[in-house]
Amino acid sequence: MLAYQIQSKGEQAAFADLPLPAPGPGQIRLRIRACGLNFADLLMQKGTYQDIPPAPFTLGLEVAGEVDSVGSDVSNLKTGDRVAVYSGHGGLAEYGVFDATRAVKLPDTMSFEDAAAIQIAYGTSHMALDHRARLQPGETLLVTGAAGGVGLTAVEIGKLLGARVIAHARGADKLEVARRAGADILIDDAEDLRARVKELGGADVVYDAIGGDVFKAAFRATNPEGRLLPIGFAGGDVPQIPANHLLVKNLTVIGFYIGGYLKFRPQVVHDSFATLFDWHTQGRIKPHVSHVLPLDRVAEGMTLLKERKSTGKVVITP
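A brief structural summary. Computed from a predicted model, the values in this text were never measured in an experiment.

## Section: the packing of aromatic side chains
Here comes step 1: In this structure the tally under the stated criterion is 6 aromatic pairs.
Here comes step 2: Relative to Phe219, the ring of Phe215 lies with its centre 6.0 Å away and its plane at 35°, an arrangement referred to as tilted. Taken as a pair, Phe215 and Phe219 lie in helix 6 (residues 212-220) at a separation of 4 residues, close to a single helical turn.
Here comes step 3: Residue Phe215 is classed as buried on the basis of its relative accessible area, which comes to 2%.
Here comes step 4: Aromatic rings pair up to connect Phe256, Tyr261 and Phe264 into one cluster.
Here comes step 5: The side chain of Arg82 reaches across the aromatic face of Phe112, ending 4.7 Å from its centre.

This is the structure:
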């Protein structure tokens with residue numbers, strides 16, 4: 001089978017022809033139909049991600065497909081079941097072996113592409129805004145990088161939770177994508193973010209996927225008792241947070257990493273996915289997938305993420 005692997009630390013990923021793996025106890029083998037790309041895939045290649053498996057390993061954090069084989073001690077899944085798996089790695093391949101506990105059955109109405117696109121982007125935004133920040137109806141939510149993979153879902157979920165949503169993105173085309181997702185107010189990257197948000201009454205919750213100067217501007221436009229979620233650092237700069245400013249304005253900076261919950265509170269992730277799949281069935285959310293590419297064009301998909309030329313998700317279909 002074909003897999004897009006990192007063979008040793010510090011090396012760029014490349015295709016490898018591997019033998020078909022067999023599932024062990026408690027595992028399933030999945031014929032992978034779709035895999036969502038994430039900024040974390042880029043960081044893993046650079047060796048800077050916070051959760052990198054030992055090499056060699058196959059990239060691809062979130063997958064969907066059909067159960068092809070079942071190991072012993074698996075009673076809740078059978079061959080032919082359509083499932084989504086938040087795997088952490090192993091998704092950019094034709095087949096993969098995963099723990100059965102990480103698999104969630106798909107609704108009949110959900111495509112493999114949607115299932116691959118929904119897990120990390122929507123799961124991150126739903127858990128961050130609802131479980132961690134406790135976003136309330138009527139509050140103002142500022143989303144930076146609002147047309148990206150996670151930013152766009154934060155706009156959509158923020159509206160579902162009853163917030164007034166300010167979307168910040170680069171260029172008219174990306175802002176239009178955010179508007180269609182439900183954003184109430186649009187701010188172009190070329191504008192003075194701090195000044196514009198303060199004119200609008202400030203932000204109660206900040207969902208920042210960019211970092212650097214964008215985070216600093218958003219930080220200074222946050223209302224007293226506001227909550228800030230540093231979700232990612234697509235701009236390449238991890239901001240340093242002045243603790244004295246936290247004190248003066250009674251601000252809270254909230255760390256959130258969805259992968260961590262799989263290790264210490266996996267039920268939170270499963271509950272979130274159940275809610276999201278239900279919302280999808282009801283038509284309340286619809287993943288925005290800007291590019292669907294075959295496995296042999298995965299490098300092109302990675303470049304789209306790196307150069308911030310995609311909107312929503314990039315999905316690979318082995």
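## Side note on the sheet that holds strand 11 (residues 185-188)
Here comes step 1: Within the open sheet, the 6 strands sit side by side as 11-10-9-12-13-14. Their pairing is parallel. Of all strands in the sheet, those bounded by a partner on one side alone are strand 11 and strand 14 (252-253).
Here comes step 2: For strand 9 (residues 140-144) and strand 10 (residues 164-169), the ladder comprises 5 bridges, and the chain directions are parallel. Bridge pairing in strand 10 places Leu141 opposite Val165.
Here comes step 3: This element, helix 6, spans strand 9, strand 10, strand 12 (203-208) and strand 13 (222-230) of the sheet and lies at about 155° to strand 13.

## Regarding the pairing of strand 9
Here comes step 1: Counting buried positions along strand 9 gives 5 out of 5 residues, so the element sits mostly inside the fold.
Here comes step 2: Residues Thr140, Leu142 and Thr144 line one face of strand 9 and the alternating positions Leu141 and Val143 line the opposite face, and both faces are buried.
Here comes step 3: Each parallel crossover has a hand, and for strand 9 linked through helix 3 (residues 149-160) to strand 10 it is right-handed.
Here comes step 4: Sheet analysis places strand 9 next to strand 12, joined by 3 bridges and oriented parallel. From the neighbouring strand, Val143 faces strand 12, where its bridge partner is Tyr207.

## As for helix 1 (residues 39-46)
Here comes step 1: Burial analysis of helix 1 places 6 of its 8 residues in the buried class, which makes it a mostly covered element.
Here comes step 2: All of the buried residues along helix 1 are Ala40, Asp41, Leu42, Leu43, Met44 and Gln45.
Here comes step 3: The inward-facing, buried residues of helix 1 contact strand 1 (2-6), strand 3 (27-36), strand 4 (57-58) and helix 10 (298-306).
Here comes step 4: Gly47, located one to two residues past helix 1, shows a positive phi value of around 80°.

Calculation rules
Residues numbered from 1 in each chain as written. Predicted model: local features only at pLDDT ≥ 70, side-chain atom pairs only at ≥ 80, totals over all residues. Heavy atoms only, no water. Phe/Tyr/Trp six-rings, centres within 6.5 Å; stacked < 30°, edge-to-face > 60°. Helix = DSSP H or I, 4+ residues; strand = E, 2+ residues; numbered from the N terminus. Buried < 20%, exposed > 50% of the residue type's maximum accessible area, 1.4 Å probe, protein only. Lys NZ or Arg CZ within 6 Å of the ring centre and 35° of its normal. Pairing = 2+ DSSP bridges. Contact = heavy atoms within 4.5 Å. Axes fitted to C-alpha atoms, helices over the stretch in contact; angles between N-to-C directions. Right-handed = clockwise from strand over helix to strand, strands pointing away.

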